[in-house]
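Chains, contacts and geometry: an overview
What follows is each chain in one-letter form.
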Amino acid sequence: MTHYKVGYLVGSLATASINRKLAKALIRLAPESLEFSEISFRDLPLYSYDYDADFPAVARAFKDAIKAADAILFVTPEYNRSIPGGLKNAIDWASRPYGTNSFTRKPSAVIGTSPGAIGTAIAQQQLRSVLGFCNSPQMNAPEAYIRFTPNLITDDGEVTVEATEQFLRDYMEEFHAFIARVLTVLPRDA
Ligand code: FNR
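Residues numbered from 1 in each chain as written. Predicted model: local features only at pLDDT ≥ 70, side-chain atom pairs only at ≥ 80, totals over all residues. Heavy atoms only, no water.

Our next topic: the overall build of the protein. Check the secondary structure of the protein and you find five helices and five strands. In the protein, the succession of helices and strands from N to C terminus is β-α-β-α-β-α-β-α-β-α. Taking 16 Å as the expected radius of gyration for a compact globule of 190 residues, we find that the protein reaches 16 Å, a close match to that expectation. Along the first, second and third principal axes, the C-alpha set of the protein runs to 50 × 35 × 25 Å. For the protein, the proportion of its 190 residues judged to be buried stands at 47%. (Helix = DSSP H or I, 4+ residues; strand = E, 2+ residues; numbered from the N terminus. Rg over C-alpha atoms; globule rule 2.2 N^0.38 Å. Buried < 20%, exposed > 50% of the residue type's maximum accessible area, 1.4 Å probe, protein only.)

Given below as structure tokens:
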């Protein structure tokens, strides 16, 4: 299997984030040929195009981290039926200055978990819309709306329900295959 570097963004800044637990589980269950590094957006200021003439170092580092990745994985909660504000702010930073959109041709996948019955489905659809505008080829299937029940995933990312564990393992195998397909058609230096 070809080796790929995956940058992942956890949409939550909360210390006890269930989406961070999900991210840990996905990393544990992913094929060994995927290498993960978190791309944090915690320290980004609120974006304004006033910054475009001189991006702060933290924003340049953020864009560089996306550039260095072969693909991006979004693991996000749903806040008020939408994308968490911090994550949207980060995407806005990455998309600018005009003409330097970091997501162009960058394969991505979206997943999330919530205690609610629809498991972040609406936030994910909105994130997909944003990523579409940002010209990121997205894995369409499988979709993954994970309803979080108490202890479903431990703090270390161990999944306690076998069917969910297998589903997440399959999801990451599909992501590997998707990255390979996209980068075959759109090689990174093209
Ligand atoms: C929520 N929550 C929530 N859940 C959901 O399924 N749909 C929603 O629209 C919302 N809205 C919402 C808004 C805000 C401001 C908060 C703080 C929470 C509940 C949410 O799913 C729950 O807090 C999860 O634990 C959030 O994921 P993280 O941050 O723990 O990863």
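Let us now look at helix α4 (residues 121-133). Counted at 1.5 Å a residue, the expected span for α4 with its 13 residues is 18 Å, and the 19 Å between its end C-alpha atoms agrees. Turning to α4, its buried residues number three or more, namely Ala121, Ala123, Gln124, Leu127, Arg128, Val130 and Leu131. Where α4 is buried, its residues touch β3 (71-75), α3 (85-94), β4 (108-114) and β5 (145-147). (Expected span 1.5 Å × (residues − 1). Contact = heavy atoms within 4.5 Å.)

Right, let's get into the packing of aromatic side chains. Given two aromatic rings, one states the distance between the centres and the angle between the planes to describe the pair. All told, the structure shown has five aromatic pairs when counted by the stated rule. Centre to centre, the rings of tyrosine 47 and tryptophan 93 are 5.1 Å apart; their planes meet at 80 degrees, and the pair counts as edge-to-face. Of the two residues, tyrosine 47 is situated in the loop between β2 (34-38) and α2 (57-68) and tryptophan 93 in helix α3; the sequence distance between them amounts to 46 residues. Between the aromatic rings of phenylalanine 55 and tryptophan 93, the centroid separation amounts to 4.9 Å while the plane-to-plane angle is 80 degrees, which identifies the pairing as edge-to-face. Placement of the pair is phenylalanine 55 in the loop between β2 and α2 and tryptophan 93 in helix α3, with a sequence separation of 38 residues. In this pair, the class of phenylalanine 55 matches that of tryptophan 93, namely buried. (Phe/Tyr/Trp six-rings, centres within 6.5 Å; stacked < 30°, edge-to-face > 60°.)

On to the nonpolar core, then. Inside soluble globular proteins, nonpolar side chains tend to come together where they are buried. Counting 32 residues, the largest nonpolar core has Leu26, Leu73, Ile111, Tyr171, Met172 and Phe175 as the members making the most contacts within it. Among the secondary structure elements, those contributing two or more residues to this core are β1 (4-10), α1 (18-29), β2, β3, β4 and α5 (162-185). For this core, the element with the most residues is α5, which contributes eight residues. Membership of the second largest hydrophobic core comes to 23 residues, among which are Ile39, Ile66, Ala90 and Trp93. (Core = buried A, V, L, I, M, F, W, Y, C linked by side-chain atoms within 4.5 Å.)

Attention now goes to the sheet that holds β2. Here five strands make up an open sheet; going across it, the order is β2-β1-β3-β4-β5 and the pairing parallel. Only two strands of the sheet have a single neighbouring strand rather than two, namely β2 and β5. Between one strand and the next, the sheet's axes are offset by a mean angle of 25 degrees, whatever the strand orientation. Sheet analysis places β4 next to β5, joined by three bridges and oriented parallel. Across the sheet, glycine 112 pairs through a bridge with tyrosine 145, a residue of β5. Across the face of the sheet, α5 comes into contact with β1, β2, β3, β4 and β5 while running at roughly 160 degrees to β4. (Pairing = 2+ DSSP bridges. Axes fitted to C-alpha atoms, helices over the stretch in contact; angles between N-to-C directions.)

For β1, the buried fraction is high: six of the seven residues fall into the buried class. Bridge count for β1 against β2 is five bridges, and the pairing is parallel. Residue lysine 5 lies in a different strand from β2, and its bridge partner there is glutamate 35. With respect to chirality, the unit in which β1 leads through α1 into the neighbouring parallel β2 is right-handed. Looking at chain direction, β1 and β3 are connected through five bridges and run parallel. Its bridge partner being in β3, glycine 7 is matched across the sheet by isoleucine 72. (Right-handed = clockwise from strand over helix to strand, strands pointing away.)

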